[in-house]
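What the coordinates show
This is what each chain is made of:
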Amino acid sequence: MQAPPVKPPTPPEPKETHGLMPQGMIKGETALTGDRTLLGHTFHYPRFVDNAFTAASFHVGSSIELFSQSKVVSNFEAAGQAETLEYDRELGFVRLSFGTDFQPDEVFTFGVKAEYLAEVGANEETLFLYGGQTGFDIRPHIKFRLARGTEAGAQLALRPFAIISGGIRAVPQGLLRVLATEITEIASDLARTQCLVEADFGCAFNGGTDLGESIKLTQRRYGGGAALNYAQALGRHLSGQFSLSVGAATSSTSATFLGDVNASHVLVQAGFSPAVNFHPAAPVGMTLEYRFELDKASFDANELAGMPQGADVSATGHRGAAGIYYTGRRDLMLGWIVGIASLQDATRSLQAAEEEPPAFIFAAQFDMRYFF
């Protein structure tokens, strides 16, 4: 009687994965590899640095930000006279962000990033001279995985994108310009003077400038560009991400007292983000981020804004952040990020961006991203 064959022993799991299978793995992933995992290291998506991964995901985030810019010079009209005031511009921001990416193939995704921003002056001078603003920024994009080295722990991707942004700002000081004009006209018009005496302002301003238009400043920007992104895992726990983005856009700032201020922009951003992921010892990861920004703007002539033809400004910015993330599940990324920035702003300051002191921004943000 022949003895039954001996069943070969089951080979043990590789040392790197033994007892360490992560939770929430997405179909097709292993302990060592996945759409955003290399060498067993699962990458975070930084706040300011673009990522190199073609993963399907859904993202929401929110932040509270404080903006401070010292010794801003404002030129305005009061009682028909030109006035200049130096003040500290203080603003409070609330920013809401949303994004989604779909993955028709493991090397290709398409999606959109969107942000809504509400800001308001945080001191008396800023409320009057700057006012408040709401705005949006929408960036449709596609992403191609150019190269992936599973054994080397590296990935390279290209992300072309479009820029569609705009906003409306309410500037209370614009009322002074209208009131000065209207009072002069009313004084020479007996019927309208009677309206003013009777406090019938609807009658007094009938046929005059639309008061709503007098305080409204609109901004629009359209363009596009591309980002080249690289990710490198340095074993299970350490990694680095790098990004270079180049784009171009046109912008228009419109107001009753300025007309249209139009400009063309060249946009450059470069950043890097080292990170550590302590999983599986602890479901915690940490990141640092830095991004350099350049917005080189060339303005069309505008006499009302004192803008000569071809006026150029190069506004630079530096952004940094530190984040802490929950890393207990492969399909979920939760992060709390603190950011600081030092910026020149060609949009808020127009041609004076290089002359004004930089603005400082402090931000506290929460991010949630689900992978599917």
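Preceding this section is the structure that the text describes.
Bear in mind the structure is a predicted one, so any value in this text is a computation, not a measurement. (Residues numbered from 1 in each chain as written. Predicted model: local features only at pLDDT ≥ 70, side-chain atom pairs only at ≥ 80, totals over all residues. Heavy atoms only, no water.)

Here's the deal with empty space enclosed by the protein
Summed over the entire model, instances satisfying the criterion amount to three cavities of 30 Å³ or more. What the second largest cavity holds in volume is close to 200 Å³. In terms of lining, the second largest cavity is formed by 20 residues, of which the most central are Thr42, Asn277, His279, Thr327 and Arg330. When contributions to the lining of the second largest cavity are tallied by element, the ones reaching two or more residues are strand 2 (41–42) and strand 13 (332–343). The class makeup of the residues in the lining of the second largest cavity is seven nonpolar, nine polar and four charged. (1 Å grid on protein atoms, 1.4 Å probe; cavity = no way out; pocket = protein on both sides within 12 Å on 5 of 7 lines; lining within 4 Å. Points joined across faces, edges and corners; volume = space filled by probe spheres on them. Helix = DSSP H or I, 4+ residues; strand = E, 2+ residues; numbered from the N terminus. Nonpolar A, V, L, I, M, F, W, Y, C, P; charged D, E, K, R; others polar.)

Describing the pattern of salt bridges
All told, the structure shown has 12 salt bridges when counted by the stated rule. Its salt-bridge partner being Asp295, residue Arg221 comes within 3.3 Å of it at the nearest N-O pair. Taken as a pair, Arg221 in strand 8 (residues 216–234) and Asp295 in strand 11 (residues 284–299) lie far apart in primary sequence, 74 residues in all. One salt-bridge network, in which partners are shared between bridges, spans Arg47, Glu65, Arg95 and Glu115. (Salt bridge = Lys/Arg side-chain N within 4 Å of Asp/Glu carboxyl O.)

Some thoughts on the environment of Leu332
Among the structural elements, Leu332 can be located in strand 13. Taking the C-alpha atoms as reference, Leu332 lies 9.8 Å from Gln23; in sequence the two are 309 residues apart. The residues contacting Leu332, other than those within four sequence positions of it, are Arg36, Tyr326, Met368, Arg369 and Phe371. (Contact = heavy atoms within 4.5 Å.)

Quick notes on the pairing of strand 10 (residues 259–277)
Inspection of the sheet shows strand 9 (residues 238–255) paired to strand 10 by 18 bridges, in the antiparallel sense. Residue pairing in the sheet places Gly247 in a bridge with Leu267 of strand 10. Where strand 9 folds back on strand 10, the antiparallel hairpin that results is connected by three residues. Where strand 10 lies against strand 11, 13 bridges are found, and the strand directions are antiparallel. The residue bridging Gly271 from the neighbouring strand is Arg291, located in strand 11. With antiparallel pairing between neighbouring strands as the criterion, strand 10 and strand 11 make up a hairpin whose turn holds six residues. (Pairing = 2+ DSSP bridges.)

Some words on the pairing of strand 7 (residues 154–170)
Inspection of the sheet shows strand 6 (residues 132–149) paired to strand 7 by 13 bridges, in the antiparallel sense. The residue bridging Gly149 from the neighbouring strand is Ala154, located in strand 7. Hairpin connection of strand 6 to strand 7: four residues between the antiparallel strands, including Gly153 at a positive phi of 75°. Summarising the sheet, strand 7 and strand 8 pair through 17 bridges and their orientation is antiparallel. Residue pairing across strands places Gly166 opposite Arg220, the latter belonging to strand 8.

Details of a nonpolar patch on the surface
On the surface, Phe58, Phe98, Phe102, Phe110, Ile142, Phe144, Leu146, Leu228, Tyr370 and Phe372 cluster together into a nonpolar patch covering about 870 Å² of accessible area. Of all the secondary structure elements, the ones that give two or more residues to the nonpolar patch are strand 4 (81–105) and strand 6. Tracing the backbone shows Leu228 in strand 8. A residue is classified by how much of its surface remains accessible, and Leu228, at 42% relative accessible area, is partly exposed. (Patch = residues over 30% accessible without salt bridge, like charges linked within 9 Å, V, L, I, M, F, W, Y side chains within 5 Å. Areas by Shrake-Rupley, 256 points an atom, 1.4 Å probe, with all protein chains shown as cover. Buried < 20%, exposed > 50% of the residue type's maximum accessible area, 1.4 Å probe, protein only.)

Description of unusual backbone geometry
Geometrically, the link from His279 to Pro280 is a cis peptide bond, its omega value of 10° lying close to zero. The phi angle at Leu39 is positive, at roughly 55°, despite the residue not being glycine. The topology assignment puts Leu39 in the loop between strand 1 (37–38) and strand 2. The class for Leu39 is partly exposed, based on a relative accessible area of 30%. The backbone of Lys71 sits at a positive phi, close to 55°, despite the residue not being glycine. Locating Lys71 in the fold gives a position in strand 3 (residues 57–78).

Re the layout of surface pockets
By volume, the second largest pocket is sized at about 180 Å³. Residue composition of the lining of the second largest pocket, by class: one nonpolar, four polar and six charged.

Considering the nonpolar core
If you look at soluble globular proteins, the nonpolar side chains tend to sit buried side by side. Core analysis: the largest hydrophobic core is formed by 16 residues, its most contacted members being Phe43, Tyr45, Phe53, Ala231, Met333 and Phe371. If you look at the next biggest cluster of nonpolar residues, it comprises 12 residues, including Phe67, Ala341, Ala359 and Ile361. (Core = buried A, V, L, I, M, F, W, Y, C linked by side-chain atoms within 4.5 Å.)

Topic: the side chain of Glu29
Position of Glu29 among the secondary structure elements: in the segment before strand 1. By relative accessible area, Glu29 is classed as buried at 13%. Side-chain polar atoms of Glu29 contact the side chain of Arg330, separated by 3.0 Å. Once residues within four sequence positions are removed from consideration, Glu29 is found in contact with Gly34, Asp35 and Arg330. (Polar contact = N/O pair within 3.5 Å; in protein donor to acceptor, adjacent residues only side chain to side chain.)

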